[in-house]
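Each chain, written out:
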Amino acid sequence: SKGRMVAVNCGALPDTLLESELFGYKRGAFTDAHRDTPGHVETAQGGTLFLDEIGDMPLPLQARLLRVLQERVVVPLGGGKPVPVDFCLVCATHRRLREEVARGSFREDLYYRLNGLCVTLPSLRDRTDIRQMVSKLANAEAVYRAPVEFSESALQAMEKYDWPGNIRQLFNVIRVAIALLDEGETLITESHLPEELFETNPFSGSSKPAAASDPWAAAPLENSAGSLEEIGRKAALRTLEAAGGNVSAAARQLGISRNTLYRKLRKYGLS
């Protein structure tokens, strides 16, 4: 546990480069090999080797990795004396390795060699601790400013969303929401959240109904001689009442963004 943690993303490197990165190489093993270079396996000696996206590792390299794990020695590319290694191996993958084994794209013997303690991380939409995660990520992002809080409606919106981008998406939403806060403002509300959090299916391809050229003039008015500000105030009020106080629904009906409607409501003294 006191040793070095060496992390390698198996899906981010080409096959030929991944092999040399993992197992090292001897001088002259290929054109640009001007000196002996240890690989990540050897570098993790006495510590932990973390192979991210192990399911993307090509079959030939799986065979080499299995031999290293069984023999506890690594032979660099280009030959040379085997180097004894002793490390803890941790792997991660977004693939279902049992299904990959059945398809023949992952070695069965390596699968059982790796499959000790297995931890499955649920998708963000399946988790019940969204609020705790939001608080932790917000505290980490707001370290150089006053602490922020979230309104109940904003938290409910984040709990209901499917989060197809998982934690990376949640982090970006929180980061942008904090950036949108005005000076001295510490409360994050629905107006600071992106529109996609309130869409039923943002990738369905369905388009929104076309908005009127002036949505603020959509509602009938008792007095057409009123000021433009009064016309806008009445249109916003009627639409919001018709939507049962749901700002997102009212904004969609008016054909404007939710943030724009919030600004209008503040301007007209309705929020």
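All values reported here derive from a predicted model rather than from experimental measurement. (Residues numbered from 1 in each chain as written. Predicted model: local features only at pLDDT ≥ 70, side-chain atom pairs only at ≥ 80, totals over all residues. Heavy atoms only, no water.)

(A) Here's a closer look at helix 8 (residues 166-179). Given a rise of 1.5 Å per residue, 14 residues ought to cover 20 Å, and the 20 Å separating the end C-alpha atoms of helix 8 matches this to within 8%. Those residues of helix 8 not exposed but buried are Gln-169, Leu-170, Val-173, Ile-174, Ala-177 and Ile-178. Buried positions along helix 8 lie against helix 6 (130-141), strand 6 (149-150), helix 7 (152-160) and strand 7 (187-188). (Helix = DSSP H or I, 4+ residues; strand = E, 2+ residues; numbered from the N terminus. Expected span 1.5 Å × (residues − 1). Buried < 20%, exposed > 50% of the residue type's maximum accessible area, 1.4 Å probe, protein only. Contact = heavy atoms within 4.5 Å.)

(B) Layout of the pattern of salt bridges. The final tally for this structure, using the stated rule, is 9 salt bridges. Of the charged contacts in the structure, one is a salt bridge between Arg-95 and Asp-56, with a shortest N-O distance of 2.5 Å. Of the two residues, Arg-95 is situated in the loop between strand 5 (88-92) and helix 4 (97-103) and Asp-56 in the loop between strand 2 (48-52) and helix 3 (59-71); the sequence distance between them amounts to 39 residues. Given the relative accessible area of 34%, Arg-95 is considered partly exposed. Its relative accessible area of 27% is what places Asp-56 among the partly exposed residues. The partner of Asp-129 in a salt bridge is Arg-127, with the nearest N and O atoms 2.9 Å apart. The partly exposed category is assigned to Arg-127, whose relative accessible area is 29%. Beyond isolated ion pairs, a larger network of salt bridges with shared partners links Asp-56, Arg-95, Glu-100 and Arg-103. (Salt bridge = Lys/Arg side-chain N within 4 Å of Asp/Glu carboxyl O.)

(C) Main features of the packing of helix 10 (residues 247-254) against helix 11 (residues 258-267). At a closest axis distance of 9 Å, the pairing of helix 10 and helix 11 adopts a crossing angle of 100°. Classified by the interaxial angle, the pair formed by helix 10 and helix 11 is roughly perpendicular. Seen from helix 10, the contacting residues are Val-247, Ser-248, Ala-250, Ala-251 and Leu-254; seen from helix 11, they are Arg-258, Leu-261 and Tyr-262. Split by residue class, the contact of helix 10 with helix 11 holds 6 nonpolar, 1 polar and 1 charged. (Axes fitted to C-alpha atoms, helices over the stretch in contact; angles between N-to-C directions. Parallel < 35°, antiparallel > 145°, perpendicular 65-115°, else oblique. Nonpolar A, V, L, I, M, F, W, Y, C, P; charged D, E, K, R; others polar.)

(D) Geometry of the sheet that holds strand 1 (residues 5-9). Read from one edge to the other, the open sheet built from 3 strands follows the order 1-2-5, with strand pairing classed as parallel. The open sheet has two edge strands, strand 1 and strand 5, and neither has a second partner. Direction aside, the axes of adjacent strands within the sheet are offset by 15° on average. Relative to strand 2, strand 1 is paired through 5 bridges, and the arrangement is parallel. (Pairing = 2+ DSSP bridges.)

(E) Representation of the layout of surface pockets. The volume enclosed by the largest pocket comes to roughly 1600 Å³. Lining the largest pocket are 34 residues, and of these Ala-92, Thr-93, Val-119, Thr-120 and Leu-121 sit closest to its centre. Going through the elements one at a time, strand 5, helix 4, helix 5 (108-114) and helix 8 are the ones with two or more residues in the lining of the largest pocket. Top element by residues in the lining of the largest pocket is strand 5. It accounts for 5 residues. Considered class by class, the residues forming the lining of the largest pocket number 18 nonpolar, 7 polar and 9 charged. (1 Å grid on protein atoms, 1.4 Å probe; cavity = no way out; pocket = protein on both sides within 12 Å on 5 of 7 lines; lining within 4 Å. Points joined across faces, edges and corners; volume = space filled by probe spheres on them.)

(F) Representation of the packing of aromatic side chains. This model, assessed by the stated rule, comprises 2 aromatic pairs. Both rings, one in Tyr-161 and one in Trp-163, keep their centres 4.8 Å apart while their planes meet at 85°; by these two values the pair is edge-to-face. Take Tyr-161: its relative accessible area is 7%, and that puts it in the buried class. Its guanidinium or amino end placed over the ring of Phe-23, Arg-64 lies 4.3 Å from that ring's centre, counting from NZ or CZ. The lysine or arginine in question, Arg-72, covers the ring of Phe-87, its NZ or CZ lying 5.5 Å from the ring centre. (Phe/Tyr/Trp six-rings, centres within 6.5 Å; stacked < 30°, edge-to-face > 60°. Lys NZ or Arg CZ within 6 Å of the ring centre and 35° of its normal.)

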